[in-house]
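# Summary of structural features
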Amino acid sequence: MYGLKQDWIPEPQARQFVLEDYESGVPRWCSGCGDFAVLQSLRKLARDEQLLPEKTVVVSGIGCSSRLPHYVKTYGFHGLHGRPLPVASGIRARRPDLHVFVVTGDGDCCAIGTGHWIHAVHYNMKMTVMLLDNSIYGLTKKQTSPTTGKGYSSNTHPDGAMLSALNPLTVTLGITNASFVAQTVDWNPAHLYATLLEAHRHPGLAFVRIIQRCPHFTPDAHEHFQRDPSNVLLLTHPDGIPADDVVLRVFKNRDELDPTDRAAALEHAAREDVLPIGLFLRNPEAERYDLCSAVGLGMSAEKKLAAAQAAVDRFLI
Ligand SMILES: Cc1ncc(C[n+]2csc(CCOP(=O)(O)OP(=O)(O)O)c2C)c(N)n1
Ligand code: SF4
Ligand SMILES: [Mg+2]
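In short, a report on the structure.

Reading the values: the criteria
- Residues numbered from 1 in each chain as written.
- Chains lettered and ligands numbered in written order.
- Predicted model: local features only at pLDDT ≥ 70, side-chain atom pairs only at ≥ 80, totals over all residues.
- Heavy atoms only, no water.
- Near = heavy atom within 4 Å.
- Polar contact = N/O pair within 3.5 Å; in protein donor to acceptor, adjacent residues only side chain to side chain.
- Areas by Shrake-Rupley, 256 points an atom, 1.4 Å probe, with all protein chains shown as cover.
- 1 Å grid on protein atoms, 1.4 Å probe; cavity = no way out; pocket = protein on both sides within 12 Å on 5 of 7 lines; lining within 4 Å.
- Points joined across faces, edges and corners; volume = space filled by probe spheres on them.
- Helix = DSSP H or I, 4+ residues; strand = E, 2+ residues; numbered from the N terminus.
- Pairing = 2+ DSSP bridges.
- Axes fitted to C-alpha atoms, helices over the stretch in contact; angles between N-to-C directions.
- Contact = heavy atoms within 4.5 Å.
- Phe/Tyr/Trp six-rings, centres within 6.5 Å; stacked < 30°, edge-to-face > 60°.
- Buried < 20%, exposed > 50% of the residue type's maximum accessible area, 1.4 Å probe, protein only.
- Lys NZ or Arg CZ within 6 Å of the ring centre and 35° of its normal.
- Expected span 1.5 Å × (residues − 1).

So, about the site of ligand 1. Every one of the 16 residues lining ligand 1 counts as a neighbour, but Cys 64, Ser 65, Gly 107, Asp 108 and Leu 139 are closest to it. Side-chain polar atom of Ser 65 to an oxygen atom of ligand 1: 2.7 Å apart, as the coordinates give it. In the environment of ligand 1, an oxygen atom lies 2.9 Å from a nitrogen or oxygen atom belonging to the backbone of Gly 107. When isolated, ligand 1 has an accessible area of 590 Å², and the protein chains bury 74% of it.

Right under this line is the structure:
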């Protein structure tokens with residue numbers, strides 16, 4: 001005899017994701033571009049954390065770096081230049097069940113998107129923000145960006161940038177309610193990965209500046225740090241970015257920095273004699289706007305209507 005129809009329905013299987021499950025498309029970046037390393041680290045993080053693809057979203061603006069969402073098989077939003085943070089904030093506010101990642105460039109975040117950058121950090125909604133800083137406008141073929149070094153020649157400033165570069169770390173550290181600020185480099189996959197993992201696990205907005213190689217337009221901008229690791233200062237602390245043997249073997253120049261000490265963080269972030277990498281600030285207790293805006297989520301349509309009516313009635317005269 002045949003059993004009931006329910007007996008034929010297979011038990012739902014536990015899902016196990018491998019790296020290939022997060023791969024999508026063929027990246028259209030120049031060979032040697034640092035964006036590849038960030039993409040690989042993000043896919044690895046998704047695999048290691050077993051992030052459900054349908055519960056993950058990668059949001060970007062416009063730029064070479066902002067093409068990244070196309071290459072991750074999750075939800076993605078390749079938006080408008082300078083606007084990934086308001087888009088990501090909107091997603092976060094209404095869908096607290098999603099893992100939100102933001103990819104932005106130095107032009108995208110630190111020029112046209114500056115207002116959004118400041119307010120997103122202040123709002124401290126849970127998301128991982130990756131600033132891929134190649135010190136140039138890459139996609140539009142080599143214009144000076146706010147993080148281009150003084151004297152660096154570009155198509156807009158052939159005789160060299162006239163101003164000293166804006167420092168995205170000191171700016172972010174200065175924003176009220178900043179809760180996680182870190183810096184890493186694309187050419188050390190172990191440190192890059194460890195930083196992104198800590199950022200993803202942080203309960204709030206985690207801002208990670210990634211010094212990114214652009215062999216096409218700024219091949220010599222970071223060479224100094226890449227060729228000689230003693231020009232890099234590894235920030236260590238028991239509550240900082242965990243450094244494994246691979247990282248410690250490369251970066252011998254180290255300093256301990258307590259990530260609760262904002263004044264010390266600002267001092268380290270401003271250093272120009274070395275490139276500091278590691279965690280500058282961590283405050284898991286900082287206020288979060290997404291927790292406030294989540295009030296009302298899941299309310300029935302009737303309750304929402306009644307609440308809206310009550311709010312309007314307050315103005316009855
Ligand atoms: C509103 C608007 N202004 C200007 C542009 C042109 N534009 C596209 S990408 C870009 C700069 C990209 O530089 P960056 O954010 O550093 O990204 P990268 O290409 O270096 O990764 C500019 C100015 C645009 N697409 N939209
Ligand atoms: S122009 Fe630079 S940032 Fe853009 S893909 Fe090529 S190497 Fe990467
Ligand atoms: Mg750039």
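After that view of the structure, there is still more to cover.
Turning next to the layout of surface pockets. By volume, the largest pocket is sized at about 620 Å³. Thr 147, Ala 165, Arg 209, Phe 225 and Glu 272 are the residues nearest the centre of the largest pocket, which is lined by 26 residues in total. Only β6 (205–211), α8 (223–227) and β9 (275–282) provide two or more residues apiece to the lining of the largest pocket.

This paragraph deals with the sheet that holds strand β1 (residues 56–60). Strand order in the open sheet formed by nine strands is β2-β1-β3-β4-β6-β5-β9-β7-β8, with mixed pairing between adjacent strands. Each end of this open sheet is capped by a strand with a single partner; those strands are β2 (75–78) and β8 (254–256). Between one strand axis and the next, the sheet turns through 20° on average, direction left out of account. Sitting on the sheet, helix α2 (residues 35–48) touches β1, β3 (99–105), β4 (127–133) and β6, and the angle it makes with β4 is about 160°.

Take the packing of aromatic side chains next. Per the stated rule, a full pass over the model turns up five aromatic pairs. Summarising the aromatic geometry, the rings of Trp 29 and Phe 36 are spaced 5.3 Å apart at their centres and angled 85° between planes, so their arrangement reads as edge-to-face. Overall, Trp 29 belongs to the buried group, its relative accessible area being 10%. Overall, Phe 36 belongs to the partly exposed group, its relative accessible area being 31%. With 6.2 Å between their ring centres and 15° between their planes, Trp 117 and Phe 207 make a pair best called stacked. With Trp 117 in helix α5 (residues 114–123) and Phe 207 in strand β6, this pair connects stretches of sequence that are 90 residues apart. Among the residues examined, Phe 207 registers a relative accessible area of 1% and is labelled buried. Put simply, the rings of Trp 29, Phe 36 and Tyr 71 touch in pairs and so form one group of aromatic residues. Positioned over the ring face of Tyr 193 is Lys 44, at 4.3 Å from the centre of the ring.

In this fold, Phe 280 is placed in strand β9. As a C-alpha pair, Phe 280 and Cys 214 span 66 residues in sequence and 25 Å in three-dimensional space.

Turning to α2, a few remarks are in order. Residues that lie three or four places apart on an α-helix share one face, since the helix turns once every 3.6 residues. Between its first and last C-alpha atoms α2 spans 20 Å; for 14 residues at 1.5 Å apiece the expected length is 20 Å, and the two agree. Restricting attention to buried positions, one finds in α2 the residues Asp 35, Val 38, Leu 39, Ser 41, Leu 42, Arg 43, Leu 45 and Ala 46. Lining the buried residues of α2 we find β1, β3, β4, α7 (189–201) and β6. Gln 50 sits one or two positions beyond α2 and adopts a positive phi of about 50°.

Right, let's get into unusual backbone geometry. In this structure, Lys 141 takes a positive phi of about 75° despite not being glycine. Take Lys 141: its relative accessible area is 54%, and that puts it in the exposed class. Phi is positive for Asn 177, close to 80°, though the residue is something other than glycine. Within the fold, Asn 177 resides in the loop between α6 (168–173) and β5 (180–185).

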